[in-house]
Structures are given as structure tokens and as C-alpha cells.
Amino acid sequence: MIGFRLPVSELRVTLRQPGGAEDMLLAEASDCDVGLALALASALARSAQGEAIAWEALPLTDLDATLLRIRQMVIGDLVRTDIQCPAEGCGERIDIAFRVTDYLAHHQPRKPRGIERDREPGWFRMTNPDVSFRPPSGADQLAIADEPEGARLLAERCIRPADAPARVRRRVEAAMEALAPSLYGKLDGTCPVCAATVRIPFDPQRYVLLELRAQATSLYEEVHLLAGHYKWSEQDILALPRLRRTRYAELIHAERSAG
Ligand SMILES: [Zn+2]
């Protein structure tokens, strides 16, 4: 088990390794969206006291940081991605690599001046002018998905009064970004051949879910192998941690290729 502190709510969280149930959840999800992120975090992350966490109510920053921590635990700290050089006639592969640890350190929350915690949990207060707000949560992201007026809806949910003047709203948005920085970021790379620079968007939520889902799809083959070989039930195989299930499948493969 791995423990860490959520960046915004400062809640202490422990993570456990995914098992068959979580791999099934990933493999059978229709979309790598916030709904899947919330389901995965609920399954793998609990409070340090072992209690369930109301993930949908926590800031998105905390949810996305947790997904990156899950990625770090399951796959590793180093994220490597690549893009084809867009310069005309080049097309070389540009490698972009970074560490989850550094990425999270770079997106640490800051406390802006003139902002205090409100009485209501999760809410903050700006005293001059008097405005209350809270950083967007997973529930907000779910509520505004596919909504054409998403920005207005989000303001109604997260800012009181919602009809604050644009100038005040901009200050609130800047304070929110400082208190709960969006982990959606940009990655920079340089072409090793023509030195062209590229900047690509990085959405940790979607990236991590796609990566974990790609790994989880071996679940079916592993259940098939283990059930046939050991005569175990699907339920028993799904109860194994992912690592152990994969090892058994490797052993069966090794035995077959040796024979
Ligand atoms: Zn190039």
C-alpha cells in the first residue's frame, strides 16, 4: 500500500494495487472519462483510516493527482510519449519524457493573499469583494460534460454570487488556479534532427486511463489461460491481484513454449 496527501483537500490517502475487478472495470468501460476516473479512484484509494472517500465532491486536482499516483504505483514514475516532428519534410520521432513526481511538484497549490477557507468544507472566501468559491470537482466535470454552456454552468455551481462582475470572476478564477492548479498541462519537446520545437497538450486523467485500460485488456486472455490450466473459476481468478494473475499466465506460457 502506498500513502500520500492530496494536494488541495490535504486528505491522507492510501492506494492499493488493482485486482481483477478494477481491470474488468477498465477493460469494459465505454469511455475514458471522468466517470471512469471516479470509479477507479473509489475502488483503489481510501482514507488513511480505511474509509471510502467521496471522490466526486473533491477538487478535480485531487482526483487527477490520484490518477497520476495510481499510474506511478502500477506502471512507474517515468512517462514517455512521442510525437512525429511536424516540420515540413522532417517527420522524425520526438521523444518527450518526464517524471510523475516532478510533474506533481511543478503543479503544487499556492495560497494567494486575501483568500481564506470558508466555514463550508471545500469552499474559500475572498474578503474584498466578498465572494465565495470552490475549485471544480469531479461532480462538476460530470455535470457540465457535453453541455454547450459549460462555463456558465460551472460558474453557477462554484461561485457565490454566480453573477459577480467579470472583473471579480477573473480574480476568482486566478485564485482557484493557484489553490487548485489544473493538472491538464502542456509538454514541450525539441526535434533531435531539425531542432523544431513542439508543444502538446497532456490530460493526465485521459492519459492514465487509456494506459491502464490498454494493460487491462490482457485480462480476458489471462482468465482464459488460468481457468483452462488450473480449473479455477472466473471469480477466483478475478480476486487475484493483477501482478499475481499476470505471473501465473507467464508461467503457463513459459511451460507451453518449453514443451
Ligand atoms: Zn524535425
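In what follows, the structure referred to is the one given above.
Remember, predicted model here, so these are calculated numbers, not experimental data.

S.K.: Any chance you could break down unusual backbone geometry for me, citing the residues and the numbers?
M.R.: With an omega of 0 degrees, the peptide bond running from Asn128 to Pro129 counts as cis. The topology assignment puts Pro129 in the loop between strand 7 (124-126) and strand 8 (131-133). We note that Glu10 has phi near 65 degrees; this positive angle belongs to a residue other than glycine. With respect to the helices and strands, the residue Glu10 is situated in the loop between strand 1 (2-5) and strand 2 (12-15). Owing to a relative accessible area of 46%, Glu10 belongs among the partly exposed residues under this scheme. The backbone of Lys231 sits at a positive phi, close to 60 degrees, despite the residue not being glycine. Its place among the elements puts Lys231 in the loop between helix 9 (219-230) and helix 10 (234-238).

S.K.: Can you lay out the pattern of salt bridges for me, pointing to particular residues and giving the numbers?
M.R.: Side-chain pairing between opposite charges can occur once the charged atoms of the two side chains come close. One pass over the structure, following the stated rule, counts 16 salt bridges. The residue Arg125 makes a salt bridge to Glu116 at a minimum N-O spacing of 3.6 Å. Residue Glu156 is joined to Arg152 by a salt bridge in which the shortest nitrogen-to-oxygen separation is 2.6 Å. Pair noted here: Glu156 and Arg152 are both in helix 6 (residues 150-158), with a separation of four residues, about one helical turn. Assessed through its relative accessible area of 44%, Glu156 is described here as partly exposed. The class of Arg152 is partly exposed, set by a relative accessible area of 42%. Among the charged side chains, a salt-bridge network with shared partners connects Asp23, Glu222, Arg242 and Arg245.

S.K.: Could you give an account of the sheet that holds strand 2, with specific residues and numbers?
M.R.: As summarised here, the arrangement of the three strands in space is 1-2-3, forming an open sheet in which the pairing is antiparallel. Here the strands that pair on one side only, and so sit at the sheet edges, are strand 1 and strand 3 (45-47). Neighbour-to-neighbour, the strand axes of this sheet turn through a mean angle of 30 degrees, independent of strand direction. Contacts between helix 3 (residues 60-74) and the sheet are confined to strand 1, strand 2 and strand 3, with strand 2 contributing the most and set at about 35 degrees to the helix.

S.K.: Provide a residue-level description of helix 3, including the pertinent values.
M.R.: In this model, helix 3 (15 residues) spans 21 Å end to end at C-alpha, consistent with the 21 Å of a helix rising 1.5 Å per residue. Of all 15 residues making up helix 3, 14 are buried, and the element is well covered by its neighbours. Just past helix 3, the residue Gly76 takes up positive phi, approximately 140 degrees.

S.K.: Can you break down the coordination of the zinc ion residue by residue, with the values?
M.R.: Protein-derived ligands of the zinc ion are Cys85 (SG), Cys90 (SG), Cys191 (SG) and Cys194 (SG), with the metal-ligand distances lying across 2.2 to 2.4 Å. In this structure, the zinc ion is surrounded by four donor atoms whose angles at the metal cover 104 to 117 degrees, and the resulting shape is tetrahedral. Using a relative accessible area of 5% as the deciding quantity, one classes Cys85 as buried.

What counts and how
- Chains are numbered independently. Their residues run from 1 in the order of the written sequence.
- Given that the model is predicted, a residue must reach a pLDDT of at least 70 before its local features are reported, and side-chain atom pairs must reach 80 or more before they are shown or counted; all residues, however, enter totals for whole chains, interfaces and linings.
- Excluded from the side-chain calculation are hydrogens and water; included are all heavy atoms of the structure.
- Secondary structure elements are defined from DSSP: runs of H or I of at least 4 residues count as helices, runs of E of at least 2 residues count as strands, and each element is numbered from the N terminus.
- To sort residues, take the accessible area from a 1.4 Å probe on protein chains only and compare it with the maximum for the residue type: under 20% means buried, over 50% means exposed, and anything in between is partly exposed.
- For salt bridges, the criterion is a side-chain nitrogen of Lys or Arg within 4 Å of an Asp or Glu carboxyl oxygen.
- Here, any two strands with at least 2 DSSP bridges between them count as paired.
- To get an axis, fit a line to the C-alpha atoms, keeping to the stretch in contact for a helix; angles then go from 0 to 180 degrees between the N-to-C directions.
- Should any heavy atoms of two residues lie within 4.5 Å, those residues are considered in contact.
- To estimate how far a helix should extend, the number of its residues minus one is multiplied by 1.5 Å.
- Metal donors were taken as nitrogen, oxygen and sulfur atoms no farther than 2.8 Å from the ion, or 3.2 Å where the ion is Na, K or Ca. Water is excluded, so coordination may look unfinished.
- Think of it this way: with four donors and all angles in the 85 to 135 degree range, the site is tetrahedral; with four or six donors, opposite ones beyond 155 degrees and the rest between 65 and 115, it is square planar or octahedral; otherwise it is irregular.

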